[in-house]
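Single-letter residue listing:
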Amino acid sequence: MPPASTKASTLTLDASAPSSPVAPVSSPDRLEPGRPGYRRMSFALFAAGVATFALLYSTQALLPAVSAGFDATAGQTSWTVSAATGALALCVLPMSALSERFGRRQMMTASLTVAVLVGLLVPFAPSLGWLIALRAVQGAALAGLPASAMAYLAEEVRPKALVAAIGLFVAGNSIGGMSGRILTGWIAQLWGWRAALGAVGLLAVACAVVFHFMIPRARHFTPGSLNPKALAKTVGGHLADPLLRRLYAIGALFMTVFGAVYTVIGYRLVGEPFHLPQGVIGSIFLVYLVGTVSSAAAGRLVARLGRRGALYLAVSTTATGLLLSLADQLIAVLLGLVLITAGFFAGHAVASSSVSRTATTGRAQASALYQSAYYLGSSAGGTLGAIAFHAGGWAGTVTLGLFAVLGVVSITLYGSRVARAKRRRLVPMASVQN
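> If you had to explain unusual backbone geometry to someone new, which residues and values would you point to?
For the peptide bond that leads from glutamate 272 to proline 273, omega is -5 degrees, which places it in the cis range. Even without a glycine there, the phi angle at histidine 275 is positive, about 55 degrees.

This is how it looks when you write it as structure tokens:
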């Protein structure tokens, strides 16, 4: 398996970069809007995205109730989220290697099946330790889905439709995160957090059935080997690419903000000065609908503003939302969450699609490295956000988020400077050749 092409290093996060992903092969039977199979593929991966986020973050809206049930602190119960995202981050690369050998469709199906089965066991965890352990297994099982989905799309979808297709998959993530949290919030208020987790498991079962029967077979997948040396060479090639490294860091930092905010927000709203009940707190996650819109619109944003401009818009929206959420008025907090969610999902869709565009070989590994960084950011954000909240209240969590946002801005500015320097070098070379 060859390393990432050196062509990837010539691509930059710059407004002048083309807005559509570049695929090495163009085939008349690739999927695109209006062609047979595209709608089925979009619906199947949307359902998979719903199941992934509903399962992965099933305990996040329930953390105050879980804390009360096990007499645990916010930092301790935050591990029910961080263990799942951390295990996913650690397992996504080896799972992507298996997808290179056995196929994207097969890996996505197996991952979703195992995760759903574990999800049906989670409500019966006898202790916090068992709950954390089951959640870690669930996260590891889910690891085969995100990177395989990105690689499947890069191989099966026409280049001009790739950003939009990935945006729809990410939109499924946002719907899953929203529906899972709303469902768990109200069910927990009526029947307790264990019943709420059981309901999420049943939702995921329905999504898994839809995915199994709707996902089209892969037409452009070529099986690879499980040679560890080849895998290490491919991974090394991706990590040696400066642009890919920047994209991985951007994904991790965006997810640090998101993980911190949504792990802690329940504790803030259940306490002073809001005192909201669990069901109402769960309904707060309706703001995920904004993420559905912003991620699906990522392709249009890139076409209009360029990737650099789209990232700046996403990061400024996120920062504004963080600052607005400091107010003690519920309407201001809600508006802040809307802006944070919109900015995060737009930034994630732009960064993840840029990875698929940049890596012309070993796409599953390139996407897996992005997913590893992304979910490590989620795990770190959840744990650090809880620690910051314990130390300094909501202001501490917001400060953590603003530092992460500053990191995204710094990386994007650096990429812009690299792009300008490269263009200045290329212009004299072109003049000499002429």
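> Outline the side chain of arginine 268, supporting the account with residue identities and numerical values.
Structurally, arginine 268 can be placed in helix H11 (residues 242–270). When its relative accessible area of 7% is taken as the criterion, arginine 268 is described as buried. Setting aside residues up to four positions removed in sequence, arginine 268 forms contacts with Phe274, Ser325, Leu326, Ala327, Asp328, Val333, Phe389 and Trp394.

> Give me the packing of H11 against helix H15 (residues 330–358): which residues, what numbers.
Direction vectors running N to C along H11 and H15 enclose 155 degrees, while the axes themselves pass 9 Å from each other. Compared by their axis directions, H11 and H15 come out roughly antiparallel. Of the two elements, H11 crosses H15, and the hand of that crossing is left-handed. In the contact of H11 with H15, the residues fall into 20 nonpolar, five polar and one charged.

> A description of a nonpolar patch on the surface should follow, citing residues and the corresponding values.
Among the surface-exposed residues, Leu117, Leu120 and Leu202 lie close enough to one another that they form a single nonpolar patch of about 290 Å² accessible area. The class of leucine 117 is exposed, set by a relative accessible area of 52%.

> Just give me the short version of the packing of helix H10 (residues 228–240) against H11, but keep the residues and values in it.
At their nearest, the axes of H10 and H11 sit 5 Å apart, and the two run at 85 degrees to each other. By the angle between their axes, H10 is roughly perpendicular relative to H11. On H11, the residues touching His238, Leu239 and Ala240 of H10 are Pro242, Leu244, Arg245 and Tyr248. Class assignment for the residues of the contact of H10 with H11 results in five nonpolar, one polar and one charged.

> Any chance you could break down the environment of valine 205 for me, citing the residues and the numbers?
With respect to the helices and strands, the residue valine 205 is situated in helix H9 (residues 193–214). On the basis of relative accessible area, valine 205 is assigned to the partly exposed category, the value being 29%. With 93 residues separating them in the primary sequence, valine 205 and leucine 112 have C-alpha atoms 9.0 Å apart. Residue contacts for valine 205: discarding those within four places in its chain leaves Val116 and Leu120.

> Go over the pattern of salt bridges with me, naming the residues and quoting the values.
Tallied over the entire structure, the rule returns two salt bridges. A salt bridge links arginine 104 to glutamate 155, with the shortest nitrogen-to-oxygen separation between them at 2.4 Å. With a gap of 51 residues between them, arginine 104 in helix H5 (residues 104–121) and glutamate 155 in helix H7 (residues 146–156) connect regions that are remote in the sequence. Comparing arginine 104 with glutamate 155, the two get one shared label, buried. Aspartate 328 is paired through a salt bridge with arginine 268; the nearest N and O atoms lie 3.2 Å apart.

> Before we move on, could you go through the nonpolar core and cite the residues and values that matter?
One finds Leu45, Leu153, Tyr262 and Tyr375 to be the most contacted residues of the largest nonpolar core, which totals 107 residues. At 16 residues, H11 tops the list of elements feeding residues into this core. Dropping the residues within four chain positions of it, tyrosine 262 is found in contact with Gln60, Phe285, Val287, Tyr288, Leu337 and Thr341.

Rules of the game
Residues numbered from 1 in each chain as written. Predicted model: local features only at pLDDT ≥ 70, side-chain atom pairs only at ≥ 80, totals over all residues. Heavy atoms only, no water. Helix = DSSP H or I, 4+ residues; strand = E, 2+ residues; numbered from the N terminus. Buried < 20%, exposed > 50% of the residue type's maximum accessible area, 1.4 Å probe, protein only. Contact = heavy atoms within 4.5 Å. Axes fitted to C-alpha atoms, helices over the stretch in contact; angles between N-to-C directions. Parallel < 35°, antiparallel > 145°, perpendicular 65-115°, else oblique. Left-handed = near helix turned anticlockwise from the far one by under 90°. Nonpolar A, V, L, I, M, F, W, Y, C, P; charged D, E, K, R; others polar. Patch = residues over 30% accessible without salt bridge, like charges linked within 9 Å, V, L, I, M, F, W, Y side chains within 5 Å. Areas by Shrake-Rupley, 256 points an atom, 1.4 Å probe, with all protein chains shown as cover. Salt bridge = Lys/Arg side-chain N within 4 Å of Asp/Glu carboxyl O. Core = buried A, V, L, I, M, F, W, Y, C linked by side-chain atoms within 4.5 Å.

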